[in-house]
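Here is what each chain is made of, one letter per residue.
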Amino acid sequence: MTTTPPPTLIVNARLVNEGREFDGDLRIADGLIVEIGSGLSARAGETVVDAAGRRLLPGMIDDQVHFREPGMEYKADIATESAAAVAGGLTSFMDMPNTNPPTLDAAALEDKYRRAAGRAWGNYGFYMGASNDNLEAIRAIDPRATPGLKVFMGASTGNMLVDNPDTLDAIFRDAPTPIITHCEDTPTIDALLADYKARYGDDIPAECHPDIRSREACIKSTRLAIGLARQHGTRLHVLHISTADELALFEPGPLVRADGSRKRITAETCVHFLRFDRADYARLGHLIKCNPAIKDAGDREALVAALADDVIDVLATDHAPHTLEEKGRPYTGAPSGLPLVQYALLASLELVHEGKLTTAQVVQKFAHAPAQLFDVAGRGFLREGHAADLVLVDDTPTTVRREDVLSKCGWSPFEGMTFHARIGAVWVNGALAWDGSQLVGTPNGQRLAFDR
Ligand code: DOR
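Let us look at the structure shown here.

Thresholds, definitions, all that
Residues numbered from 1 in each chain as written. Predicted model: local features only at pLDDT ≥ 70, side-chain atom pairs only at ≥ 80, totals over all residues. Heavy atoms only, no water. Salt bridge = Lys/Arg side-chain N within 4 Å of Asp/Glu carboxyl O. Helix = DSSP H or I, 4+ residues; strand = E, 2+ residues; numbered from the N terminus. Near = heavy atom within 4 Å. Polar contact = N/O pair within 3.5 Å; in protein donor to acceptor, adjacent residues only side chain to side chain. Areas by Shrake-Rupley, 256 points an atom, 1.4 Å probe, with all protein chains shown as cover. Nonpolar A, V, L, I, M, F, W, Y, C, P; charged D, E, K, R; others polar. Buried < 20%, exposed > 50% of the residue type's maximum accessible area, 1.4 Å probe, protein only. Core = buried A, V, L, I, M, F, W, Y, C linked by side-chain atoms within 4.5 Å. Arc of directions from axis to C-beta. Contact = heavy atoms within 4.5 Å. Pairing = 2+ DSSP bridges. Axes fitted to C-alpha atoms, helices over the stretch in contact; angles between N-to-C directions. Parallel < 35°, antiparallel > 145°, perpendicular 65-115°, else oblique. Left-handed = near helix turned anticlockwise from the far one by under 90°.

Observations concerning the pattern of salt bridges
Reasoning step 1: Evaluation of the coordinates by the stated rule reveals 44 salt bridges.
Reasoning step 2: Close ionic contact of aspartate 111 with arginine 115 constitutes a salt bridge, the shortest N to O distance being 2.9 Å. Residue aspartate 111 and its partner arginine 115 are located together in helix α2 (residues 106–116), separated by four residues, close to a single helical turn.
Reasoning step 3: Residues joined by salt bridges that share partners form a network here, namely Glu69, Glu73, Asp77, Asp111, Arg115, Arg119 and Lys408.

The following block contains the structure:
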């Protein structure tokens, strides 16, 4: 159930939107941004927030999260993870289908939307999933009911691999929504894993993970996906690019071209590939084990540059929580994935502090681009008439402490790190949801609408 929030006027902010940073005020009424200007004066009954030069951004839209519901609520659920996301400035999320049961038909999809209603702190969309045998359900998808179709072209958590070549071909030909892919070639990985198991047994050192989930596996699978998309004219979004080598496969340039047309094949990378590299396995071990694997420092630098150069279109998290007990198992039993939503925006803004990206570029990749790519109606921008999903960023340092983690798994790969900024306030559909130190109000997320 959503509430009608009180009208609010935010004054003296540094607004960041559509490539520009400018000083101004922003008025919220009935959950929407109703006015952007300067010198706006307060009306009767309005709450006035003096933003005093702090950065005001549209809420981030995370196009890749695993909130684990239904089926794995012992480690995460829609309420806990969306709370963590909103505390971190991520006001909308798109959740993956590798749940239990997996989201393989319209009934499973609608079950997720029902679960989220009234419990999600942010706005929500759920992906449909592909398998080797749900082609009819894929063809029947209502394109307005889901951001897209997730195809695991590499096996990961949840065993949803699609590896039948005829099925893949039909999916790329017939899917009524954008296709988003996990690209890692499973036979390549299986062969490497067998070699490492022969050498180490189950206790393979964590730093071998990028050699097992290898760059060759990523390149081979990404090439296959792009080839299929070109052949069939599919709208393809390749998730979590982790290597420098894959970058040459994508078209550089803005997501929306000067003539108004949009790239049909796009790429995403994730926050952890920008903040960690091979050297971090020694300290963090399985805590940063994920698929695809975090690779070398050179990959990390190339991925940051690819965001700046518009080779990569979207920045996301791939938030994939697992318990500490699970992460403490030997390599072959330790699941892949890490919790990221709560500190993902702050971690991304470190790249601004380091001079590698501008705030406007972070906003482009983490808010505007996912809205455009998935045809999200009325969100992702500071525009009059759009939903008032907003983040106020303070230039006050934040040190990540385990006791502050809101994700149910109760840990963060960033523990002990100090970021140069803080999430000072977050509004979701016009209602204050995070006041800088705690969640306030009640969950106010809405179902995302896809305008296509
Ligand atoms: O590291 C990962 N974790 N990669 C995936 O593809 C799945 C995810 C999960 O669900 O745990």
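Considering the site of the ligand
Reasoning step 1: The local shell around the ligand holds 14 residues, among which Arg68, Asn98, Thr157, Asn291 and Ser336 are the closest.
Reasoning step 2: Within the backbone of asparagine 291, one N or O atom sits 2.8 Å away from a nitrogen atom of the ligand.
Reasoning step 3: Residue serine 336 places a main-chain N or O atom 2.9 Å away from a nitrogen atom belonging to the ligand.
Reasoning step 4: Notes on the ligand: free accessible area 290 Å², of which the protein chains cover 100%.
Reasoning step 5: Looking at the shell around the ligand residue by residue, the classes come out as three nonpolar, nine polar and two charged.

A look at the side chain of serine 242
Reasoning step 1: Here serine 242 shows up in the loop between β12 (236–238) and β13 (265–270).
Reasoning step 2: For serine 242, a relative accessible area of 1% translates into the label buried.
Reasoning step 3: A polar contact is formed between the side chain of serine 242 and the side chain of lysine 295, at a distance of 2.8 Å.

Looking at the nonpolar core
Reasoning step 1: Of all hydrophobic cores here, the largest spans 114 residues; its most connected members are Leu149, Val151, Phe172, Leu236, Phe250, Leu345 and Phe414.
Reasoning step 2: Grouped together as the second largest cluster of nonpolar side chains are 15 residues, Ile28, Val49, Leu382 and Leu392 included.

Focus: α2
Reasoning step 1: Those residues of α2 that sit buried are Ala108, Leu109, Lys112, Tyr113 and Ala116. Down the axis of α2, the smallest arc covering the buried residues is 145 degrees, so these residues share one side. Seen from the buried face of α2, the exposed residues on the opposite side, beyond 90 degrees, are Ala106, Ala107 and Arg114.
Reasoning step 2: Its buried side turned inward, α2 meets α1 (78–87), β7 (90–95), β8 (123–126) and β9 (128–129).

Some words on α1
Reasoning step 1: Most of α1 sits inside the fold, with eight of its 10 residues counted as buried.
Reasoning step 2: If you check which residues of α1 are buried, you get Ile78, Glu81, Ser82, Ala83, Ala84, Ala85, Val86 and Ala87.
Reasoning step 3: Summarising the contacts, the buried residues of α1 are in contact with β7, α2, β8, β18 (422–428) and β19 (431–434).
Reasoning step 4: Where α1 begins, one side-chain oxygen reaches toward the backbone nitrogen of alanine 79, 2.9 Å away; that side chain belongs to aspartate 77.

A closer look at the pairing of strand β1 (residues 8–17)
Reasoning step 1: Counting buried residues along β1, eight of its 10 residues qualify, which places the element largely inside the surrounding structure.
Reasoning step 2: Bridge count for β1 against strand β4 (residues 47–50) is four bridges, and the pairing is parallel. Pairing of threonine 8 across the sheet is with threonine 47, part of β4.
Reasoning step 3: The pairing of β1 with strand β2 (residues 20–29) spans eight bridges and is classified as antiparallel. Note that in β2 the partner of isoleucine 10 across the bridge is leucine 26.
Reasoning step 4: Hairpin connection of β1 to β2: two residues between the antiparallel strands, including glutamate 18 at a positive phi of 50 degrees.
Reasoning step 5: Summarising the sheet, β1 and strand β5 (residues 55–58) pair through two bridges and their orientation is parallel. What sits directly across from arginine 14, in β5, is arginine 55.

Thoughts on the packing of helix α12 (residues 344–353) against helix α13 (residues 359–373)
Reasoning step 1: Where α12 meets α13, the closest approach of the two axes is 9 Å, and the angle between their N-to-C directions is 140 degrees. When the interaxial angle is binned, α12 and α13 end up oblique. You can see that α12 and α13 cross each other, and the crossing is right-handed. Side by side, α12 and α13 meet where Ala344, Leu345, Ser348, Leu349 and Val352 of the first sit next to Thr359, Val362 and Phe366 of the second.

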